[in-house]
Every structure is written in C-alpha cells, then in structure tokens.
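# Coordinate analysis (summary)
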Amino acid sequence: MTEKAQVKGSYWLQTAPGGAPRPALAEDLDVDVAVIGAGVAGISTAWELARAGRSVAVLEAGRVAAGVTGHTSAKLTALHSLVYDKLRRTRGPGGARLYARSQSEAIEHAAGIVEELGIDCDWETRDAYTYVCDAGRVDEVRAEAAAAKEAGLPATFETETGLPFPVAGAVKVTGQVQFHPRKYLLALAEDLEAHGGRIFEGTTVHGLDEGGPCRVTTETGATVTARDVVVATHYPIFDRALLFARLSPRRELVVAGSIEADRDVDGMYITPDDNTRSVRTAPLDEAGRRLLIVTGEHFTPGTGDTRERFDRLSAWAGEHFPGVDLTYAWATQDIDPTDTVPMVGPLHPGAKHTYVATGFGGWGLSGGMMAGRLLTAQITGEECPWSGLYDPRRLRTAVREAPSFLKTQAEVARHFVGDRLRPAPPVDALPPGEGALVRVGGDRLAVYRDEAGALHAVSSRCTHLGCLVSFNAAERAWECPCHGSRFDTDGKVIQGPATKPLERRDI
C-alpha cells in the first residue's frame, strides 16, 4: 500500500550524512565560551560568537545537527500556529510585536548567511499558513490573523489555499522559508571551524561548575574551562532554576514521499485539527518531483502505541494526497514551555556566566537562530530588545499561566507513581521485536527481545530523575514520559536530559 511509509529514517540525515565523525574531546581545553549541544541553537550561537571574536568550543554527545534538528519538518517561519492572539493577551501587544520581530529578523539573518557563505540548502521562499477545517474554529483563526498583523507580520485571513482539500479558514503570512536544515548547519559548522571554533562530537557532558571561570566536565574526564557556558541541549541537562518543572516533552511523527511537481501545495501548512497536521514539500530530484512531508500525531514520549500513530498519519497522507509513495518515516521531539515563550538567557537567577536556550515549542529553527543572536548579544555585552521577553528567570508569566504549570507537574507525578503500579508481564510472553517492563527476581526491568530471540535487559529507572521508562515499538527505544529522555535497547542515551545510560542487567 502506498500510504504506508516503507523506509525508516530522517530524509535530512540520509541526504546529508555529514562525513566522518569529528573527534571527541580528549584533553583539557581553555576557551572563552563553551557551548553544550550542536543543534541549530548551539551551532548558531557558536558561529555568532566566533564571528564576534570569541574562542569557542562546542561539545556534542552525538553528531552535529543529528538530534532534534536532524528530524525537524524544516519550516523556517515566524507564524507559529496560533500563538499571536495568546501573546497579545498574556504579554500584551508589545510582547507580541517583540516576538514577531525577533523571529522575523532571525530568518532574515539566516538568509544573509546563506547568501554570504553560498550554502546550497534547498532554500525556498514560501507562504506559511495556519488553517482549520472545523468551521467552529474560524473565529479563532480570524483573531490570530488580526493579532499577527498587529504584531507586524504580513498576515491575512484566507479561505483559499494550495491544499488539495477545502479549509474553513486560514492565517497566511507571506515571505517565509523552507530549507534543508542539516545542509545549512553542516556548512555553518565548517565556517565556524574556519574561524577558529572547535567542535567535539561524541562528547557527553556530565558536570558544570559555575565558578570563575566555569568548568565543564565530560564523560571521559576531560575538562573545558571557559568564561561563559551555553547549555543548548534542547532539554537542559542541568536544572538550576526549576526549568524541568516548566517544560514538557512532546514527540511528533513524520512521513514523507514523492509526488509530481504539479501536485506541489505551494506553501507551508499547519493545523491544530486532527491532533496536528503539518504539510510542506521539498525538492526531490532532477525530474522535478517534490518530497511531500506530513507531520502530526503529537504525544508524550513513552505513552501509547506509536505504530498505530504512524498508521493514522500515513492514512491521512494517503487520503488527502492519493497515490503518494511514502518512503520515509521518522519522529521528532519538541519541548513546550508552560507559558508559551521559549527560555533563552541566564540559566538561573544567580547566573553570571551560564546561559540556556530551550522550550522552543516546535519552532526551534527560527527560535534557535534567534537564540544564537540573543545569547551572543548578552555574552558580548550588547543590548537586545527582546532579552526580557525570553528571559528564563521570568516568574510573573509562569504564575499567570499556573494551570499549565500544574498540569505538567500532575502528569509527571502520575507517571512517577502510576507507572510503578502497572502489572508486569512475564519475560516468556515477550515476542521478538518487542520490549516491556517485566518482573525479574523482585526487580522491574526494561527487557527487549531482539529478532533472533536474545534478551536485552536494562534498569527501568530513567537516569535523569528516576521515572520508569516505556517501550516505543515503532522506533525500538525506551522513553521516559516525565522529561523525554530516550535510550536504545541496550540502554545507551539517544536523547537527554539524561546523560547516563540505563544500567545493563543480566537475566
């Protein structure tokens, strides 16, 4: 069936593999700034700092742009679903304007970088749409269009789009961008190194001493001494301002496949309907075919049947784009702040030389580029008009949106306690290719049986804060529903905030 995605893996990673890995940090190092994380926020920040004359070291546990950034839908836009009407109410019209300006200027800045460096990254200008098919939500979309326009975006309310099905209404913002994120960031990383920056892959950070100067310790024992440190690990690996209590992880699925050029939707689309659906295309081959990219089915990591969600998303793509040959399927992970706006700035109220970038809520490309410019301004002592808007130390908005905060904490508490009460199946009942939490000698272990029948057992307690992990059968990974840490079937960390693997057990 063509509506079933046949090939696992991110299109961005498969079409820009990145060459041989860079070496891990093997000896102590002194720099002006240490940046932890080599996604869009980390690389953008390091690049800006190097251009500002700072010596920079980037420490990445995996590969450059191979984590969340390598699994995005790659829409670069200031239209972030239905955010502006909410910002107008919670931050005031001035806050909404700062948000729109900061995101728009980040996109314009990226366009200048692409031109300056001559980066071949499938850069295409497209209009962005937030649409609804439910007539009952049209007033919501009209309000968003008015708020986005008031915030300074070229926004209009529309009832016609390039989608092959009718919509009840849509916000349209012209002049936005779609691109190949990994090609862009790999080029940025190379230019960073050409300007003296250093990037270390396969380097897991375990500790941060905020003395004068700061010291970052790694898994191998090597230490980076730096005046300033930026934590850009998507979900912070250090919690020194109760950030964990103000962030919630959200996983989202992606399927993609080829369509003919004359079926291009000519825009970037997202709807809150149907548990979110996002649609765009990308250049695919010399014959002019396009890659249709459909995203949706968001859920908390470690909850529910991911295979069923992939089937639903594939079915939606097949229904709305008949005959599409889905050849790619992957998933991405987002971090939502409880009070809507990302957290970019000082790591905690007493921080003088440590900074964080997190909580981009699914819009990490423009947000990460914005963060690079904002953090560079703060580190170099320059003024930035939107520093206050994104300041992680803000408390008034966290209190104002307390219901979201309390809901997030209630979910964490429910998993922390409730998951320990669930019945555990016997090991013998576990079929090949499946994983489950099982009882072994009084212990609850996370056990996976591979296709050959061999058992892989690890501790079921996430090494971050101790919640129990759950098995994602579609991606064959252990996931923590509390804060989103992910591990492979042998316990190795795939995604933080955990930095240590699940302990191997012998059964």
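Note that the structure is a prediction, hence the values are computed from the model and not measured.

### Here's the deal with the overall build of the protein
A tally of helices and strands in the protein yields 11 helices and 25 strands. Over its C-alpha trace the protein gives a radius of gyration of 22 Å, about what one expects of a compact globule, namely 23 Å for 507 residues. Over its C-alpha atoms, taken along the principal directions, the protein stretches across nearly 60 × 55 × 50 Å. Long-range contacts, defined here as pairs at least 24 residues apart, represent 69% of the contacts in the protein between residues at least 6 apart.

### Considering helix α4 (residues 92-117)
Compared with the 38 Å implied by 1.5 Å per residue over 26 residues, the 38 Å span of α4 between its first and last C-alpha is a close match. Following α4 by one or two positions, Gly118 adopts a phi angle in the positive range, close to 65 degrees.

### What to know about the side chain of Gln333
Of note, Gln333 is situated in strand β15 (residues 325-337). One polar contact links the side chain of Gln333 to the main-chain carbonyl oxygen of Gly484, over a distance of 2.8 Å. Beyond its immediate sequence surroundings of up to four residues, Gln333 is in contact with Val68, His234, Pro249, Arg250, Arg251, Pro301, Gly484, Arg486 and Gln495.

### Here we look at the sheet that holds strand β21 (residues 470-472)
With antiparallel pairing, 4 strands are arranged side by side in an open sheet as β21-β22-β23-β24. Single-partner strands in this sheet number two, and they are β21 and β24 (493-495). Where strand β22 (residues 477-479) meets strand β23 (residues 486-487), 2 bridges bridge the pair, whose relative direction is antiparallel. Counted as the bridge partner of Trp478 is Phe487 from β23.

Conventions and cut-offs
- Residues numbered from 1 in each chain as written.
- Predicted model: local features only at pLDDT ≥ 70, side-chain atom pairs only at ≥ 80, totals over all residues.
- Heavy atoms only, no water.
- Helix = DSSP H or I, 4+ residues; strand = E, 2+ residues; numbered from the N terminus.
- Rg over C-alpha atoms; globule rule 2.2 N^0.38 Å.
- Contact = heavy atoms within 4.5 Å.
- Expected span 1.5 Å × (residues − 1).
- Polar contact = N/O pair within 3.5 Å; in protein donor to acceptor, adjacent residues only side chain to side chain.
- Pairing = 2+ DSSP bridges.

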